Amino acid sequence: MEIKMDLISEDKINSMSSTEKLRFILDGVKSGNIVILEGGLTSEEQMQLIELTMTEVSDDFPGIEISGYQAKRSFFNLRKKSRLTVIGPAKVMRTIKKDKDLISAVVSAV
Amino acid sequence: MKLKKRRKGILSRLLRALFFRKVTAKIGIYGPPNAGKTTLANRIIHTFVDENEDIGVSTEVPHETRRAVRKEGVLIDLKSQSVQNPYLNVSPDSNVTSTTEQKPREGKSKLKLDIVDTPGLATKIDFHDFMAFGLEEKEAKKRAKEATEGVIEAIKWLDDIDGVLLLMDATEDPYTQTNIVIIGNLEARSIPVIVVANKMDLAEAAPQRIADAFPQHTVIPISALKGENMGELYKEMARRFR
């Protein structure tokens, strides 16, 4: 079984509203894809994604696996800049190691 | 639009804190499933309310708490006998009492709080996980559905909470996305948080890993089950949530 990976540019992500962004990600993940976002999601967006995911959990879709780097502070420590975020279906993706600068994940076909 | 909303949230929080100070703050106990949230809530109730009263049932089955439970008007009294009991205040790992290296200030010894025990936050809920604990498929699916609703409820409670005890299992890797997302949200909303490294009584517990992962926050190692180092946690609660 093939697993598709979508690498989404920061420009593409920034052109979408929050709702569009979350819908776009979840639709991709529910189709079985691994979605990698340049620039990442803010922690608020990640929380909204978890909330949206929970409304769509079913027997066939148990949820998502999400990994990202902790946000970096910028602009004199006032604004948090998010970095890369990886999201995949929990059925096929599993994070095995993670620290502030490294994410190791295994992807296995069902 | 969203930024505006968040700014408004922080501003109203500041205004409320300055001019409309609440008599009783609502403190949410948050964390991933099986971190010991209900065990901690029960410990607090046993210590300060009634030693025979439970806020919820704690078992090894994940998502046992699937609805947020609020206990109103819990009076945290640092001078009560159960807090003063030296056995309960022993910290076997004194190096990890606080990452901020500041001693909690001794404030007033009493603090009234509402304690909200929330369902565990998770990004996935698979009914097969419940079947592994012996539940029938129908019951496992029902429980999984309730657990998803519980996660949503816990997230919604963040809009109405004044402070958070964020529980992490000290035997597990703290660098999970769930922990990072909760902390990021609390920081964005300017909600005071104490990170609680639970299960310090277990040999494989490593509270220092939690302190290293979240150096910007105070980390208090405890055993909610055995009641170890609870005095230190109550002191920090009195300092942060007043």
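Residues numbered from 1 in each chain as written. Chains lettered and ligands numbered in written order. Predicted model: local features only at pLDDT ≥ 70, side-chain atom pairs only at ≥ 80, totals over all residues. Heavy atoms only, no water.

Undergrad: What am I meant to see in helix α9 (residues 230–240) of chain B here?
TA: Note: α-helices contain 3.6 residues per turn, so residues at a spacing of three or four share the same orientation. Of all eleven residues that make up α9 of chain B, nine are buried, and the element is covered over most of its length. Along α9 of chain B, the residues that are buried comprise Met230, Gly231, Glu232, Leu233, Tyr234, Glu236, Met237, Ala238 and Arg239 of chain B. (Buried < 20%, exposed > 50% of the residue type's maximum accessible area, 1.4 Å probe, protein only. Helix = DSSP H or I, 4+ residues; strand = E, 2+ residues; numbered from the N terminus.)

Undergrad: So what exactly am I meant to see when it comes to the packing of helix α3 (residues 43–56) of chain A against helix α7 (residues 177–188) of chain B here?
TA: For any two helices packed against each other, the geometry is given by the interaxial angle and the distance between the axes. Across the interface, α3 of chain A lies against α7 of chain B with an axial gap of 8 Å and an inter-helix angle of 125 degrees. Relative to α7 of chain B, α3 of chain A is oriented oblique. Note on packing geometry: the crossing formed by α3 of chain A with α7 of chain B is left-handed. Judged by residue contacts, Ser43, Glu44, Gln46, Met47 and Ile50 of chain A of α3 of chain A engage Gln177, Val181, Ile182, Gly184, Asn185 and Ala188 of chain B from α7 of chain B. Broken down by class, the residue content of the contact of α3 of chain A with α7 of chain B amounts to five nonpolar, five polar and one charged. (Axes fitted to C-alpha atoms, helices over the stretch in contact; angles between N-to-C directions. Parallel < 35°, antiparallel > 145°, perpendicular 65-115°, else oblique. Left-handed = near helix turned anticlockwise from the far one by under 90°. Contact = heavy atoms within 4.5 Å. Nonpolar A, V, L, I, M, F, W, Y, C, P; charged D, E, K, R; others polar.)

Undergrad: Looking at this model, I keep getting lost on helix α2 (residues 37–48) of chain B. Mind explaining?
TA: Residues and elements named next belong to chain B. When the terminal C-alpha atoms of α2 are compared, their 17 Å separation across twelve residues agrees well with the 16 Å that a helix rising 1.5 Å per residue should span. Extensive coverage of α2 is indicated by the burial of ten of its twelve residues. Residues of α2 that are buried include every one of Lys37, Thr38, Thr39, Leu40, Ala41, Asn42, Ile44, Ile45, Thr47 and Phe48, and no others. (Expected span 1.5 Å × (residues − 1).)

Undergrad: Whenever I open this one, the sheet that holds strand β6 (residues 85–89) of chain A confuses me. Can you help?
TA: Residues and elements named next belong to chain A. Judged by pairing direction, the sheet is mixed, and its four strands sit side by side in the order β1-β2-β6-β3 without closing on themselves. The two strands at the open ends of the sheet, each matched to only one other strand, are β1 (5–8) and β3 (64–68). Neighbour to neighbour, the strand axes of the sheet diverge by 15 degrees on average, direction disregarded. (Pairing = 2+ DSSP bridges.)

Undergrad: What am I meant to see in the packing of aromatic side chains here?
TA: Two descriptors summarise a pair of aromatic rings, namely the distance from one centre to the other and the angle between the planes of the rings. For the structure on display, the rule yields two aromatic pairs over all chains. With 6.3 Å between their ring centres and 25 degrees between their planes, Tyr175 of chain B and Phe214 of chain B make a pair best called stacked. Placement of Tyr175 of chain B in the loop between β4 (163–169) and α7 and of Phe214 of chain B in the loop between α8 (207–213) and β6 (219–221) is noted, with a sequence separation of 39 residues between them. Residue Phe214 of chain B is classed as buried on the basis of its relative accessible area of 0%. Positioned above the aromatic ring of Phe61 of chain A is the side chain of Lys30 of chain A, whose terminal nitrogen or guanidinium carbon lies 5.6 Å from the ring centre. Here the guanidinium or amino end of Lys141 of chain B rests over the ring plane of Phe127 of chain B, the centre of that ring lying 5.0 Å away. (Phe/Tyr/Trp six-rings, centres within 6.5 Å; stacked < 30°, edge-to-face > 60°. Lys NZ or Arg CZ within 6 Å of the ring centre and 35° of its normal.)

Undergrad: What is the right way to read the interface of chain B and chain A from this model?
TA: Frequently, the measure chosen for interface size is the accessible area removed from exposure when the parts meet. The partner chain A presents 27 residues to the 29 residues of chain B that form the contact. On inspection of chain B and its partner chain A, the count reaches three salt bridges. Linking chain B with chain A are nine residue pairs in polar contact (both at pLDDT 80 or more), by the criterion used here. Elements with a contribution of two residues or more to the side of chain B that touches chain A: α1 (2–19), α6 (137–157) and α7 of chain B. Among the elements that take part in the side of chain B that touches chain A, α7 of chain B stands out by supplying eight residues, more than any other. A class-by-class count of the residues in the side of chain B that touches chain A yields 15 nonpolar, six polar and eight charged. (Salt bridge = Lys/Arg side-chain N within 4 Å of Asp/Glu carboxyl O. Polar contact = N/O pair within 3.5 Å; in protein donor to acceptor, adjacent residues only side chain to side chain.)

Undergrad: Explain the pairing of strand β3 (residues 110–117) of chain B here, please?
TA: Residue and element names in this part refer to chain B. The buried count for β3 comes to six of eight residues, which makes it a mostly enclosed element. Sheet analysis places strand β1 (residues 25–30) next to β3, joined by five bridges and oriented parallel. Residue Ile29 lies in a different strand from β3, and its bridge partner there is Asp117. In this sheet, β3 lies alongside strand β2 (residues 69–77) in antiparallel orientation, the contact comprising seven bridges. Residue pairing for β3: Asp77 is matched across the bridge by Lys110.

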